[in-house]
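Chain residues, written in single-letter form:
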Amino acid sequence: MRYIARVSPTPGTPGTPGTPDDWSTRHSVLTTARRTAALLNVLADDRPDPAAVADVLRAYGEAEPLDLTPLDVSGMRAAAALLREVFAAEHADGAAAVLNRLLREHTGPLRLTSHGGDSPWHPHLDGDDDAPWDEWLLASSCMALTILVWDSQRPPGGVCASPSCRNVFITRGSGPERRYCSRRCATRERVAAHRRGHSVGRRGTQRQ
């Protein structure tokens, strides 16, 4: 089964695991989209470790058992490569065009499932509740990213501008355009730009 949260409630918070409030908080559209970005990043390695991929799924509330095989991860890596095109889009029109193609070529009709009563009813675009991991990743990611484009009328995320980083990230809010996946990358590139500018300045002074 896919997309089932079996987690303990936050201490001091009313409710039990699997209640609608608990489930919807941990599996909101934004959380699903961030899970997509995290999976794309771990799957970007040439040979992703199945254990590392399982750790990301586990961190986002996916149910055990998470016994991913190298074949599972290979299929997920191929799906991740397709989804990266959404993050590389510079405008909403581009992101929408990629998502429309993925929805048309790689997902099934919209359906509702409760995973046999183990979760609240929610939409899926994969073929069935036991669809292969690659199909599930592509379908659930397309669902979340499509809703983000609809909601914000802009690409749902981006690719880190640092030449030494391939990570993707989710953007939210109406602030300045985000260019880096993390503060660490932004700081590293800012320091590098400062050093380049300082070096050019010194060479110019020496020529005088």
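This report concerns the structure included in the present document. In this numbering scheme, every chain counts its residues from 1 along its sequence in written order. Note on the predicted model: pLDDT of at least 70 is required for a residue's local features to be given, and 80 or more for side-chain atom pairs to be given and counted; whole-chain, interface and lining totals, by contrast, use all residues. The basis for every side-chain value is the complete set of heavy atoms in the structure, and neither hydrogens nor water enter the calculation.

## A word on the pattern of salt bridges
A pairing counts as a salt bridge when a side-chain nitrogen of Lys or Arg comes within 4 Å of a carboxyl oxygen of Asp or Glu. Applying the stated rule across the entire model yields seven salt bridges. With a shortest N-O distance of 2.5 Å, R58 and E64 are connected by a salt bridge. Its relative accessible area of 37% is what places R58 among the partly exposed residues. A salt bridge links D129 to R111, with the nearest nitrogen and oxygen atoms 3.0 Å apart. In this pair, D129 is assigned in the loop between β2 (122-124) and α6 (133-152) and R111 in strand β1 (residues 111-113), connecting sequence segments 18 residues apart. Several salt bridges converge on common partners, so that one network encompasses D55, R58 and E64. Summary of the burial criterion: residues with accessible area below 20% of their type's maximum are buried, those above 50% are exposed, and those between are partly exposed, where the area comes from a 1.4 Å probe applied to protein chains only. Helix numbering and strand numbering both begin at the N terminus, where a helix is a DSSP run of H or I of at least 4 residues and a strand a DSSP run of E of at least 2.

## Describing the nonpolar core
Membership of the largest hydrophobic core comes to 35 residues, with the highest contact counts inside it found for L39, L43, V53, L83, L137 and L145. Secondary structure elements with two or more residues in this core: α2 (29-42), α3 (50-59), α4 (70-88), α5 (92-106), α6 and β4 (168-170). Here the element with the most residues in this core is α6; it accounts for nine residues. In what follows, a contact means two residues having at least one pair of non-hydrogen atoms within 4.5 Å. Not counting residues within four places of it along the chain, the set of residues in contact with L137 comprises L39, L43, M76, A79, A80 and L83. To define a nonpolar core, start from buried Ala, Val, Leu, Ile, Met, Phe, Trp, Tyr and Cys residues and group those joined through side-chain atoms within 4.5 Å. In this structure, C165, F169, Y180 and C181 belong to the second largest nonpolar core, which totals seven residues.

## Looking at the packing of aromatic side chains
Centre-to-centre distance and the angle between the planes together describe a pair of aromatic rings. Any two rings among Phe, Tyr and Trp, with Trp reduced to its six-membered ring, count as a pair given centres within 6.5 Å; such a pair is stacked if its planes are under 30 degrees apart, edge-to-face if over 60, and tilted if neither. Applying the stated criterion across every chain yields a total of one aromatic pair. Judged by centre distance (5.3 Å) and plane angle (90°), the rings of W133 and W136 are edge-to-face. Taken together, the residues span about one helical turn, with W133 and W136 both in helix α6 at a distance of three residues. On the accessibility criterion, W133 (8% relative accessible area) is buried.

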